[in-house]
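Commentary on secondary and tertiary structure
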Amino acid sequence: MIYLGCHLSISDGFYKTAKVAFSIGANTFQYFTRNPRGGRAKEIDKEDVRRATDFMAEKGFGVLLGHASYTMNLCSNKEQTRQFAKDLLLDDMKRLKQLPESLYIFHPGSHVGQGVEKGIRFIIEALNEAIKVNPNQFILLEGMSGMGTEIGSRFEELKSIIQGVKENGNLGICLDTCHLYSAGYDVVKNLDGVLEEFDDVIGIERLKAIHVNDSKMPFDSHKDRHEIIGDGELGLDAIVNVVNHPKLKRLPFSLETPGGPEDHAKEIRKIRER
Ligand code: FE
Ligand code: FE
Ligand code: ZN
């Protein structure tokens, strides 16, 4: 049983979203914990969460992925932006206690010229506070493409963040196939090698979720442009190898490819049928 789904909007609530997920052959999905571009969060409807949780249990869903807002840059060079990001993070930690069970995923952020080390220190500080607010919450750092001053495109950087956090038992990693490829990790020709390197640097047990995306941009381009599965530089075979890899197949996989649920239904079917 492979847990495979896609990113979905929860604007109609969790129950309706879970039903959409089921109707397109998904048994997990990713959602934004709040407006991805702004930061506003919807009020939580406890009855909706309860119905969704029951429905997903009945249909054998795996854990969900709750993705943080893109505006959350914990390592900005501006104090105000960092404070805003920290407020969002801490509020997400509180909210997640009331949402369906989800792994929380966030982008480490961009250091905007301050340097990787300083950026990493800011991220560690924020995570230490987040963990105090909700010690049981799994928090995953997403591996990035390395555009501009993005932190987290190298396994070593992700490792430094985890190691810097005091109570890091519930910290993990979400890898994104598009980001890996554009960051210079060749998951097409050398998936085993990439996973071995991850295991050597971070430890494979920290890997908790995978974003499954094809890439519009070539290998090592440091450009993050997702493509429909099979239409990009990775290709369907590479994606199927990831989803079926013995070291990965227990993890939740979520597509973040262009298009709506009807399009994702086709991609999910293509992957599952191989
Ligand atoms: Fe992401
Ligand atoms: Fe992603
Ligand atoms: Zn991306």
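Note that the coordinates shown come from a computational prediction; the quantities given were computed from them, not determined experimentally. Every residue gets a number counted from 1 within its own chain, in the order that chain's sequence is written. Just so you know, chain letters begin at A and ligand numbers begin at 1, following the order they were written in. Selection of residues for local features in this predicted model requires a pLDDT of at least 70, selection of side-chain atom pairs for listing and counting requires 80 or more, and totals for whole chains, interfaces and linings are taken over all residues. To get the side-chain values, all heavy atoms of the structure are used, and hydrogens and water are removed first.

What counts as a helix is a DSSP run of H or I of at least four residues, what counts as a strand is a run of E of at least two, and both are numbered from the N terminus. On a plain count of helices and strands, the chain comes out with nine helices and 10 strands. The principal-axis extent of the C-alpha atoms belonging to the chain is close to 45 × 45 × 30 Å. The buried label goes to any residue with under 20% of its type's maximum accessible area, the exposed label to any with over 50%, and the partly exposed label to all in between, with areas taken from a 1.4 Å probe on protein chains only. When each of the 274 residues of the chain is scored for burial, the buried share is 57%. Residue contacts follow a heavy-atom distance rule, with two residues in contact if any of their heavy atoms lie within 4.5 Å. Long-range pairs, those at least 24 residues apart, make up 76% of the contacts in the chain between residues at least 6 apart in sequence. Accessible area of the chain: about 12,200 Å², with a carbon and sulfur share of 48%. All accessible areas in this document rest on Shrake-Rupley with a 1.4 Å probe, and a residue is counted as covered only by the protein chains that are shown.

Judged by nonpolar contacts, the single largest core of 81 residues is most densely connected at Phe-29, Phe-106 and Phe-155. Grouping buried Ala, Val, Leu, Ile, Met, Phe, Trp, Tyr and Cys residues that are joined through side-chain atoms within 4.5 Å yields what is termed a nonpolar core. Leu-65, Leu-103, Ile-105 and Cys-174 belong to the second-largest nonpolar core, a separate cluster that totals six residues.

This paragraph deals with the coordination of the iron ion (ligand 2). Protein ligation of the iron ion (ligand 2) involves Glu-142 (OE), Asp-176 (OD), His-211 (ND1) and Glu-256 (OE), the donor distances falling in the range 2.1 to 2.3 Å. Mapped onto the sequence, the residues coordinating the iron ion (ligand 2) show the spacing E-x33-D-x34-H-x44-E. Note: metal donors comprise N, O and S atoms at 2.8 Å or less from the metal (3.2 Å for Na, K and Ca); water molecules are not included, so apparent gaps in a site are possible. A spacing of 3.3 Å is found between the iron ion (ligand 2) and the iron ion (ligand 1), which share Glu-142 as a donor. One end of the pair, Asp-176, is in strand E6 (residues 171–176); the other, His-211, is in strand E7 (residues 207–212), and 35 residues separate them in sequence. For the pair formed by Asp-176 and His-211, the shared burial category is buried.

This part takes up helix H8 (residues 235–244). Note that an α-helix has 3.6 residues per turn; residues three or four places apart therefore point the same way. For H8, the tally of buried residues reaches seven of 10 residues, placing the bulk of the element in the interior. For H8, the full list of buried residues reads Gly-235, Leu-236, Ala-238, Ile-239, Val-240, Val-242 and Val-243. Where the residues of H8 are buried, they touch helix H6 (177–183), helix H7 (191–201), E7, strand E8 (214–215), strand E10 (252–255) and helix H9 (261–273).

Protein-derived ligands of the zinc ion (ligand 3) are His-179 (NE2), Asp-224 (OD), Asp-224 (OD) and His-226 (NE2), with the metal-ligand distances lying across 1.9 to 2.5 Å. The geometry test gives tetrahedral to four donors whose angles all lie between 85 and 135 degrees, gives square planar to four donors and octahedral to six donors whose opposite members are over 155 degrees apart with all other angles between 65 and 115, and gives irregular to the rest. With four donor atoms in place around the zinc ion (ligand 3) and angles of 53 to 135 degrees between them, the coordination shape is irregular. In this structure, the zinc ion (ligand 3) lies 5.5 Å from the iron ion (ligand 1). With His-179 in helix H6 and His-226 in strand E9 (residues 226–227), this residue pair connects regions lying 47 residues apart in the sequence. Here His-179 and His-226 have matching classes, each one buried.

Before going further, it helps to examine the packing of aromatic side chains. Any two of the Phe, Tyr and Trp rings considered here, Trp counted by its six-membered ring, make a pair once their centres fall within 6.5 Å; the pair's planes then place it as stacked at under 30 degrees, edge-to-face at over 60, or tilted in between. Tallying each qualifying case throughout the model produces nine aromatic pairs. Taken together, the ring pairs in this structure connect Tyr-15, Phe-22, Phe-55 and Phe-61 into an aromatic cluster. By definition, being over a ring means that NZ of Lys or CZ of Arg is both within 6 Å of the ring centre and within 35 degrees of the ring normal. Over the ring of Tyr-15 we find Arg-51; its NZ or CZ atom is 4.0 Å from the centre of that ring. The cationic tip of Arg-82 hangs over the ring face of Phe-122; the distance from NZ or CZ to the ring centre is 3.8 Å.

A separate point is the state of the cysteines. In this description, the term disulfide denotes a pair of cysteine sulfurs within 2.5 Å. Tallying each qualifying case throughout the model produces zero disulfides. Its sulfur unpaired, Cys-75 is 18 Å from the next cysteine sulfur, which belongs to Cys-174. A relative accessible area of 0% means that Cys-75 is categorised as buried. Free cysteine: Cys-178, not disulfide-bonded; nearest cysteine sulfur from Cys-174 at 12 Å.

Note that all results are geometric; they support no functional claim without further evidence.
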